[in-house]
Amino acid sequence: MTTAPLSLEHLIRPASKQSKTTPVLFMLHGYGSNEEDLFSFASELPDELCIISIRAPYALEPFGYAWYAINFDAEQGKWSDDEQAISSRDKIVKFINEACHAYRLDDSNITLLGFSQGTILSYAIALSYPEKIKNVIALSGYINENILKEGYTGKDHSTLQFYASHGQVDQVIPIAWAQRAPDFLKQLEIDCDYEEFPVGHGVAPQNFYSFRNWLVEQLAKQ
């Protein structure tokens, strides 16, 4: 399927059978990567899904893209540009609406799959706009409360389902940050399957098979 001219660059793998009830999975890559990275998983994911992998809006030199800047300061250490992150959060929501309309997808059956910075944005989108998202696969990331939409705690999050995982020797995002997610989600009455794997900042084969099985189970319930 040729990609439509939407507000963000993307790749698409159509579902095996296209209809107005076709579920869709949106992929959000990590810092410095691009839309081709997670898209390598597409051929191994359920064929009833339409899969759309999105390119982040901010270009990095010499190549790659980011959802927001990460700055390194001698005094403050590493810090994230939360204003850019909030802007990307809402750009993704706009794009999701565009894509569901353009490709005639079921906007009530949306899954987000993120890695690292893409996971941080996936958490922010789902928790800020729970009415838009059904499932989240959160790989090697954490919840940044500073980029959640004001008033999110007053929304109904009970229909969200999360799968989260992290590498036990992740040198980029401390595992302790990821471990806070299940309790945080529980306070919002959200179910979360959380797993750890003996790897660094990446996705081990057993991690892939685990989240794929989880996704298959969620699709079977719908």
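Residues numbered from 1 in each chain as written. Predicted model: local features only at pLDDT ≥ 70, side-chain atom pairs only at ≥ 80, totals over all residues. Heavy atoms only, no water.

Visitor: I would appreciate a short explanation of the side chain of Thr 111 in the present structure.
Guide: With respect to the secondary-structure elements, Thr 111 resides in strand S8 (residues 110–115). A polar side-chain atom of Thr 111 sits 3.1 Å from a polar atom in the side chain of Asn 135. Beyond its immediate chain neighbours, meaning those up to four positions away, Thr 111 contacts Val 24, Leu 25, Phe 26, Asn 135 and Leu 215. (Helix = DSSP H or I, 4+ residues; strand = E, 2+ residues; numbered from the N terminus. Polar contact = N/O pair within 3.5 Å; in protein donor to acceptor, adjacent residues only side chain to side chain. Contact = heavy atoms within 4.5 Å.)

Visitor: What exactly am I supposed to notice about helix H6 (residues 205–221) here?
Guide: One turn of the α-helix equals 3.6 residues, which is why residues spaced by three or four share an orientation. Taking 1.5 Å as the rise per residue, H6 with 17 residues should run 24 Å; its terminal C-alpha atoms sit 25 Å apart, in good agreement. By the burial criterion, the buried members of H6 are Asn 207, Phe 208, Ser 210, Phe 211, Trp 214, Leu 215, Gln 218 and Leu 219. The inward-facing, buried residues of H6 abut strand S2 (24–28), S8, strand S9 (135–139), strand S10 (161–167) and strand S11 (191–197). (Expected span 1.5 Å × (residues − 1). Buried < 20%, exposed > 50% of the residue type's maximum accessible area, 1.4 Å probe, protein only.)

Visitor: Just to check I follow, could you spell out the pairing of S9 for this structure?
Guide: Of all the 5 residues making up S9, 5 are buried; the element is thus mostly covered by neighbouring parts of the structure. Burial of S9 is two-sided: the residues Asn 135, Ile 137 and Leu 139 facing one way and the residues Val 136 and Ala 138 facing the other way are all buried. Across 5 bridges, the pairing between S8 and S9 is parallel. Each residue of the ladder has a partner; that of Phe 115, found in S9, is Leu 139. Pairing analysis gives 5 bridges linking S9 to S10, with the strands arranged parallel. Bridging across to S10, Ala 138 finds its partner in Ala 164. (Pairing = 2+ DSSP bridges.)

Visitor: Help me understand the packing of helix H2 (residues 82–102) against helix H3 (residues 117–128) in this model?
Guide: Between two packed helices, both the angle of their axes relative to each other and the distance between the axes serve to describe the pair. The interhelical angle for the contact between H2 and H3, taken along N-to-C directions, is 65°, at an axis separation of 10 Å. In terms of their interaxial angle, H2 and H3 are classed as roughly perpendicular. Crossing hand, H2 versus H3: right-handed. For the pair H2 and H3, contact is made by Ala 85, Ser 88, Arg 89, Ile 92 and Val 93 and by Leu 121, Ala 124, Ile 125 and Ser 128, respectively. Each residue belonging to the contact of H2 with H3 can be placed in one class, and the counts come to 6 nonpolar, 2 polar and 1 charged. (Axes fitted to C-alpha atoms, helices over the stretch in contact; angles between N-to-C directions. Parallel < 35°, antiparallel > 145°, perpendicular 65-115°, else oblique. Left-handed = near helix turned anticlockwise from the far one by under 90°. Nonpolar A, V, L, I, M, F, W, Y, C, P; charged D, E, K, R; others polar.)

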